[in-house]
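Chain residues, written in single-letter form:
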Amino acid sequence: SQTTGIQQLLAAEKRAAEKVAEARKRKGRRLKQAKDEAQSEIEAYRSKREREYKKYEDSVLGSRGDREKQIERDTVDKIKGIEANVRKNEKKALSQLLDMVYDIEPSLHTNLRL
């Protein structure tokens, strides 16, 4: 009778331990599921905000490629304008330079003592 009571207590303790272990497993699974759901919500929110920011950036700043192309076009146009001015004024500038070189008036230096 006493041994059956002890056996019953041990069996009850074993069942209780199994229930506690099962409850801990369920709790762990629920925590993992909640963490996964939270992570997916975070990722969805992050991607939404990134799309909104990209859209805002494109609307306010324009796309970077368009700006680079415009700067390239402006640079090429300025270089062509400078080259045209050089071709237009080349002979005149060369003529003025040669005139200055050829029209030398020799004179004595002010420190020269004779």
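The following refers to the structure shown. Nothing here was measured: the structure is a model prediction, and the numbers come from that model.

With respect to the overall build of the protein chain
Assigned secondary structure in the protein chain consists of 2 helices and 0 strands. In terms of C-alpha radius of gyration, the protein chain reaches 46 Å, well past the compact-globule figure of 13 Å for 114 residues. The principal-axis extent of the C-alpha atoms belonging to the protein chain is close to 150 × 45 × 15 Å. Both charge centroids of the protein chain, one from 28 positive and one from 21 negative side chains, sit 11 Å from each other.

Considering a positive patch on the surface
On the surface, Arg24, Arg26, Lys27 and Arg30 cluster together into a patch of positive charge. Accessibility expressed as a relative area gives 52% for Arg30, which makes it exposed.

What about the environment of Ser107?
Within the secondary structure, Ser107 is located in the segment after α2 (64–102). With relative accessibility at 67%, the residue Ser107 sits in the exposed group. On a C-alpha basis, the gap between Ser107 and Leu9 in space is 131 Å, while along the polypeptide they are 98 residues apart.

With respect to a nonpolar patch on the surface
On the surface, Leu94, Leu97, Leu98, Val101 and Tyr102 cluster together into a nonpolar patch covering about 500 Å² of accessible area. Structurally, the position occupied by Leu94 is in helix α2. Exposure remark for Leu94: the relative accessible area of 47% places this residue in the partly exposed category.

Quick look at the pattern of salt bridges
On inspection of all chains with the given rule, the structure shows 5 salt bridges. Residue Arg49 is joined to Glu52 by a salt bridge in which the shortest nitrogen-to-oxygen separation is 3.1 Å. One end of the pair is Arg49 and the other is Glu52, both in helix α1 (residues 2–61) and 3 residues apart, which spans about a single turn. Close ionic contact of Lys54 with Glu57 constitutes a salt bridge, the shortest N to O distance being 3.7 Å. With Lys54 and Glu57 both in helix α1 and 3 residues apart, the pair spans about one turn of that helix. With relative accessibility at 45%, the residue Lys54 sits in the partly exposed group.

Rules used in this analysis
Residues numbered from 1 in each chain as written. Predicted model: local features only at pLDDT ≥ 70, side-chain atom pairs only at ≥ 80, totals over all residues. Heavy atoms only, no water. Helix = DSSP H or I, 4+ residues; strand = E, 2+ residues; numbered from the N terminus. Rg over C-alpha atoms; globule rule 2.2 N^0.38 Å. Lys, Arg positive; Asp, Glu negative; His and termini not counted. Charge placed at Lys NZ, Arg CZ, Asp CG, Glu CD. Patch = residues over 30% accessible without salt bridge, like charges linked within 9 Å, V, L, I, M, F, W, Y side chains within 5 Å. Areas by Shrake-Rupley, 256 points an atom, 1.4 Å probe, with all protein chains shown as cover. Salt bridge = Lys/Arg side-chain N within 4 Å of Asp/Glu carboxyl O. Buried < 20%, exposed > 50% of the residue type's maximum accessible area, 1.4 Å probe, protein only.

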